[in-house]
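# Structure assessment
Chain by chain, the residues:
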Number of protein chains: 2
Amino acid sequence: MTDSNDSQESLLALDRQVCFALYSAQLAMSKVYRKLLRELDLTYPQYLVMLVLWEQDGQTVSGIGERLFLDSATLTPLLKRLEGAGLLQRQRSRQDERQVAVVLTEQGHKLREKAEAVPESVMCAAQCSPDELERLRDDLHNLRERLAS
Amino acid sequence: MTDSNDSQESLLALDRQVCFALYSAQLAMSKVYRKLLRELDLTYPQYLVMLVLWEQDGQTVSGIGERLFLDSATLTPLLKRLEGAGLLQRQRSRQDERQVAVVLTEQGHKLREKAEAVPESVMCAAQCSPDELERLRDDLHNLRERLAS
DNA sequence: GCATTTTAGATAGCGCGCGATTAAATCGCA
DNA sequence: TGCGATTTAATCGCGCGCTATCTAAAATGC
């Protein structure tokens, strides 16, 4: 036989790894969103930024970054694309010229209405009970916290 | 008040979303791996390919892809980098010239020893009981399956 | 037996995510 | 007050992950 039998016992076995399950679930999730968000002309990370801004408009780049666990190297070009799409404006703070406030445009606010339909479509695609999903969400928050410490 | 109070009730609320929990946990996981895998000179997706090949050597590109849920557009350049690093070779099958078999080199096989230490380090970083992790893994497999269908 | 269709892999281009560096503004403190 | 340290954002380069497209080889159909 090949080495495949041993491997099923090994800690290196692909299918036993939480991390691969996490990785591939995230890719699958991302595919579902890609399809849904095409109608809003957003990528998933862009959608996340919009969620943050719909919750609280006018945040700084680093403020958004803290919320999403992303840094300016990721956010700056992403925000520029959203600005290019007319959904927001980036404006340097006059008090502290280092900071850039990100402010939704009319169009950016308006997009929220379209976005309201997204979560339900995703939950539908997930085919899970709300309870299951909430438990999973809390487990994942927990895991993220521990991994980041 | 701002719109932030409403938002906590909304389905659009960031912190209520499973998908954001999934997304950010995956990023955190990836960061942990990046640090660990630096010693092996591998990225996380490269590490996954090596896991697949350690389980069963000589698979085709699409065989690896089915295992990892990735397609040739992602794998081809990744495999070329691994080939460039001397860990494997890509060779066209003589039976079916469309297929490319991916075969580990001596060095590729050898790297497995170093990799044996990785899973334990990750579990340590996760600070979870094996039971918790197994449950989470199964939930994620489940979710992936449902999302992909 | 030859055209059609299907399959395997490669290629180009785009948008993240991040490590590393740089530039500018502000802060802290002697 | 002056000047080094810190903070904030931007920039660059690289490796995914994907869509769309392409090429070549193999399978299919009549």
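Residues numbered from 1 in each chain as written. Chains lettered and ligands numbered in written order. Predicted model: local features only at pLDDT ≥ 70, side-chain atom pairs only at ≥ 80, totals over all residues. Heavy atoms only, no water.

### Digging into the protein's contact with DNA strand D
Neighbouring DNA strand D are 29 residues, the closest being A:Y23, A:K31, A:S62, A:R98 and B:T43. Among the atoms of DNA strand D close to the protein, meaning within 4 Å, 79% are from sugar or phosphate groups. At 2.3 Å from a phosphate oxygen of DNA strand D is found a side-chain nitrogen or oxygen belonging to A:Y23. Contact distances for DNA strand D include 2.9 Å between a phosphate oxygen and a side-chain N or O atom of A:R90. Elements supplying a minimum of two residues to the surface near DNA strand D: α2 (18-37), α4 (61-68), α5 (72-84) and β1 (88-92) of chain A together with α3 (44-55) and α5 (72-84) of chain B. Tallied by class, residues from the surface near DNA strand D come to nine nonpolar, nine polar and eleven charged. (Near = heavy atom within 4 Å. Polar contact = N/O pair within 3.5 Å; in protein donor to acceptor, adjacent residues only side chain to side chain. Helix = DSSP H or I, 4+ residues; strand = E, 2+ residues; numbered from the N terminus. Nonpolar A, V, L, I, M, F, W, Y, C, P; charged D, E, K, R; others polar.)

### Examining the packing of aromatic side chains
Across all of its chains, the model carries twelve aromatic pairs over all chains by this definition. Seen from their ring centres, A:Y44 and A:Y47 are 6.1 Å apart, and the 35° between their planes marks the pair as tilted. Taken as a pair, A:Y44 and A:Y47 lie in helix α3 (residues 44-55) at a separation of three residues, close to a single helical turn. As far as burial versus exposure is concerned, A:Y44 and A:Y47 are alike and both buried. A network of ring pairs unites the aromatic residues A:F20, A:Y23, B:Y33, B:Y44, B:Y47 and B:F69 as a single cluster. Of note, A:R144 hangs over the ring of A:F69, and the distance from its end group to the ring centre comes to 3.7 Å. (Phe/Tyr/Trp six-rings, centres within 6.5 Å; stacked < 30°, edge-to-face > 60°. Buried < 20%, exposed > 50% of the residue type's maximum accessible area, 1.4 Å probe, protein only. Lys NZ or Arg CZ within 6 Å of the ring centre and 35° of its normal.)

### Examining the pattern of salt bridges
Counted according to the given criterion, the structure contains 16 salt bridges over all chains. Salt-bridge contacts for B:R112 lead to B:E116; the nearest nitrogen and oxygen are separated by 3.5 Å. Under the relative-accessibility criterion, B:E116 is labelled partly exposed at 38%. Salt bridges sharing common partners tie together A:D15, B:E55 and B:R67. (Salt bridge = Lys/Arg side-chain N within 4 Å of Asp/Glu carboxyl O.)

### Section: the protein's contact with DNA strand C
Near DNA strand C you find 28 residues, and of these A:T43, B:Y23, B:T76, B:K80 and B:R90 are the closest. Per the 4 Å cut-off to the protein, sugar and phosphate atoms form 76% of the nearby atoms of DNA strand C. Between B:S72 and DNA strand C, the recorded distance is 3.0 Å, taken from a side-chain N or O atom to a base nitrogen. Within the backbone of B:V100, one N or O atom sits 2.8 Å away from a phosphate oxygen of DNA strand C. Grouping the amino acids of the surface near DNA strand C by side-chain chemistry returns nine nonpolar, nine polar and ten charged.

### Comments concerning the relation of the copies chain A and chain B
With an RMSD of 0.1 Å, chain A superimposes on chain B once it is rotated by 180° and translated 0.0 Å along the axis. Seen this way, the second copy is the image of the first under a two-fold rotation axis. Most of the interface of chain A is mirrored in chain B, where 100% of its interface residues are also at the interface. (Least-squares fit on C-alpha atoms with pLDDT ≥ 70 in both. Contact = heavy atoms within 4.5 Å.)

### Focus: the confidence of the model for chain A
Of the residues in chain A, 95% reach a pLDDT of 70 or more, and the chain-wide mean stands at 93. The low-confidence segment residues 1-5 of chain A, where pLDDT is below 50, has six contacts with residues more than four positions distant or belonging to other chains. (pLDDT = per-residue confidence, 0-100.)

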